[in-house]
Amino acid sequence: MRSGHQCCMAYFILASLFTAVGSAGVEPAVQIELERKCVEQRKRITSGHVDFDIRTAVHDAKSRELLDVNKSGLNHEFDYLWDGDKRRLDERSRGTAVSPDGRIILPANGMIEHRIILTPEEFAYRNATSFVDEAPIAAQTGPRSRGKQFESKFFDIRILGMIPLSFGLLHHHGFEDFYEYADRYDCELEQATLDGREVIRSIYRRKKDEKLVTLWICPELDHSVVQAEFTTAISSPEVRTHRIHSRFEKRDSDFWFPVECEFTFHRNGTLAGHELCKVSKAEFNIAVDPVSFTLAGLELPAGSFVVELTNSKKEAEPTPTENQPNPPVANTKVWDGKELVMPSTSAPNPSENPIEKRSGWVWFQMFHGVAGLGLLCLYAWLRYRRVRAELKNSA
């Protein structure tokens, strides 16, 4: 196996065939070919299971200073499963942020959980939000066209570490972002060293928005992008720099994949955004149970209510019955553990609160108890007066 230095030298010899010897720049085609190499190994991944968490730093509510991402912030844990164009995502979000003077900015006990399934044909969604001990469940399913609001939750996990943007914006991007900018200028390739490895630094400006793009590509790691950076146009009054830096490990003996990605955003040289992503598990090109991408994959408890949406712009109105004068939301069904079934007509009316009914019975008992006690006291007082009068007359 050739060393990183040999790989870099081989590429620069190839690049010299496209450019004049001694030229300070290179043709865009040379950079685009190099960028295509960056995605070749990732495109060979067609299925997988990746567990990762993202911690986002927050600003102090008073000073607006960015707090240490490792000590306080919003923490999002993800369990990402996919097979081709079928995807499932489990997300658990919680946050605790403490200012330098000890003030709590975000509640520590709040947690939001989601499970989302997207296939080309349909979607399924389960939500559980907990701020106390209870965790109410809400579930929906329907055609893919009715689940578009969930698409922003997904990004192609295979591009992790390749695009220098906040992780919450990656769903807008894909592999094509590396070589779609053929209209570029000031193209350069340089040899450099990063994290003790030989890398190729690819630099150019996009004519589209004049952003300066810099990629640090490591041939030794199968042309992985170990660092990437976007900087605003020269004409911009404010210098904004987005950077992502990644550490890699080899997974399944075939793929180099990040174990940690650190994103930073600087505004005029001052740190204004910081996110840290850590990958705890990564398995690629594995066999995935098809059930994982069906309604059963939501793992709902038997008896859960599920709203089944349709392509109709107006959902059918629920029909009141004698036992259910106020029926559940339109198209609501019940998950019996295996499939969706129609709610039982003898089911209790959800508008009737058993706690309110029980509390009404308690008040009824209390009223009669107090009334009985009052009558007993009145009888005792009258009896006392009668006995006292009889004693006085006999004297």
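Quick note: structure is the one above.
Here is what the cut-offs are and how they apply
Throughout this document, residue positions are counted from 1 along each chain, in the order its sequence is written. Confidence filtering applies because this is a predicted model: local features only for residues at pLDDT of at least 70, side-chain atom pairs given and counted only at 80 or more, and all residues used for totals across whole chains, interfaces and linings. Computation of side-chain values covers all heavy atoms of the structure but excludes hydrogens and water. For helices the rule is a DSSP run of H or I covering at least 4 residues; for strands it is a run of E covering at least 2, with both sets numbered from the N terminus onward. Each residue's exposure class comes from its accessible area (1.4 Å probe, protein chains only) as a fraction of the maximum for that residue type: buried when under 20%, exposed when over 50%, partly exposed otherwise. Only heavy atoms matter for contacts: two residues are in contact if any of them lie within 4.5 Å across the pair. Surface accessibility in these figures is a Shrake-Rupley result with a 1.4 Å probe; residues are shielded only by whichever protein chains are displayed. For Phe, Tyr and Trp, where Trp contributes only its six-membered ring, two rings pair if their centres lie within 6.5 Å, and the inter-plane angle classes them as stacked under 30 degrees, edge-to-face over 60, or tilted in between. What a helix is expected to span follows from its residue count: subtract one and scale by 1.5 Å. For two strands to be treated as a pair, DSSP must find no fewer than two bridges joining them. The working definition used for a salt bridge is a side-chain nitrogen of Lys or Arg within 4 Å of a carboxyl oxygen of Asp or Glu. To qualify as a nonpolar core, a set must consist of buried Ala, Val, Leu, Ile, Met, Phe, Trp, Tyr and Cys residues joined through side-chain atoms within 4.5 Å. Patches in this entry comprise residues that are over 30% relatively accessible and not in a salt bridge; like charges within 9 Å are linked, as are nonpolar side chains (Val, Leu, Ile, Met, Phe, Trp, Tyr) within 5 Å. None of His or the chain ends enter the tally, which takes Lys and Arg as positive and Asp and Glu as negative. Where a charge lies is defined by one atom per residue type, namely NZ (Lys), CZ (Arg), CG (Asp) and CD (Glu).

> Would you explain the overall build of the chain in this entry?
Each helix and strand counted, the chain has 3 helices and 17 strands in total. In the chain, which comprises 395 residues, the proportion classed as buried is 41%. Within the chain, contacts between residues separated by at least 24 positions form 52% of all contacts whose residues are at least 6 apart in sequence. As displayed, the chain offers around 22,600 Å² of accessible surface, 54% of which is attributable to carbon and sulfur atoms.

> Looking at this structure, how should I read the packing of aromatic side chains?
By convention here, two paired aromatic rings are described through the distance between centres and the angle between planes. Under the counting rule described, the total for this entry stands at 9 aromatic pairs. Considering the side-chain rings of Phe123 and Phe150, the 5.5 Å spacing of their centres and the 35 degrees angle between planes classify their relative orientation as tilted. Here Phe123 is found in strand E6 (residues 122–130), whereas its partner Phe150 is found in the loop between strand E7 (137–143) and strand E8 (184–194), with 27 residues between them in sequence. Look at Phe150 and you get buried, because its relative accessible area is 9%.

> Teacher, can you tell me more about helix H2 (residues 28–43) here?
Taking 1.5 Å per residue, 16 residues should reach 22 Å; H2 reaches 22 Å between its end C-alpha atoms and fits that length. Inspection of H2 places Val30, Gln31, Ile32, Leu34, Glu35, Cys38, Val39, Gln41 and Arg42 among the buried residues, and these make up the whole buried set.

> Hey, could you run me through the pairing of strand E9 (residues 197–206) in this one?
Looking along a regular strand, one sees side chains alternate from face to face of the sheet. For E9, a buried count of 7 out of 10 residues is recorded, marking the element as mostly surrounded by other parts of the structure. By the bridge criterion, 9 bridges tie E8 to E9 in an arrangement that is antiparallel. Within the sheet, the bridge partner assigned to Gln191 lies in E9 and is Ile200. The antiparallel hairpin formed by E8 and E9 contains 2 residues in its connecting segment, where Asp195 sits at a positive phi of about 55 degrees. As paired elements, E9 and strand E10 (residues 212–218) share 6 bridges and run antiparallel to each other. Looking at E10, one finds that Tyr204 is bridged to Val213.

> Can you walk me through the pattern of salt bridges in this structure?
Pairing between side chains of opposite charge can happen when the charged atoms of each approach one another. Taken as a whole and judged by the stated rule, the model has 18 salt bridges. For the salt bridge of Glu308 with Lys333, the shortest nitrogen-to-oxygen distance reads 2.8 Å. In this pair, Glu308 is assigned in strand E15 (residues 304–308) and Lys333 in strand E16 (residues 332–335), connecting sequence segments 25 residues apart. Salt bridges linked by common partners bring Asp90, Arg115 and Glu299 together as one network.

> What's the story with the nonpolar core in this structure? I'm lost.
When a protein is soluble and globular, its nonpolar side chains tend to lie buried together. Val50, Phe52, Ile157, Leu160, Met162, Phe167 and Phe284 are the most contacted members of the largest nonpolar core, which totals 53 residues. Sequence-distant contacts of Leu160, defined by excluding residues within four places in its chain, comprise Arg42, Phe155, Phe167, Phe257, Pro258, Cys261, Cys277 and Val279. If you look at the next biggest cluster of nonpolar residues, it comprises 11 residues, including Leu81, Ala124, Phe293 and Val306.

> What's the story with the environment of Leu300 in this structure? I'm lost.
Positionally, Leu300 belongs in the loop between strand E14 (270–284) and E15. The exposure class of Leu300 is buried, given its relative accessible area of 8%. In sequence terms Leu300 and Trp335 are 35 residues apart; their C-alpha atoms lie 7.4 Å from each other.

> What exactly am I supposed to notice about the pairing of E14 here?
Summarising the sheet, strand E1 (residues 47–56) and E14 pair through 9 bridges and their orientation is antiparallel. What sits directly across from Val50, in E14, is Ala282. Bridge count for strand E13 (residues 255–267) against E14 is 8 bridges, and the pairing is antiparallel. Note on E14: the bridge partner recorded for Phe263 is Glu275. The antiparallel pairing of E13 with E14 creates a hairpin that spans 2 residues between the two strands, and Asn268 there sits at a positive phi of about 50 degrees.

> Where do I start with a negative patch on the surface in this structure?
Together, Asp83, Asp85, Glu121 and Glu122 line one region of the surface with negative charge. Of note, Asp85 is situated in the loop between strand E2 (73–83) and strand E3 (86–98). A residue is classified by how much of its surface remains accessible, and Asp85, at 49% relative accessible area, is partly exposed.

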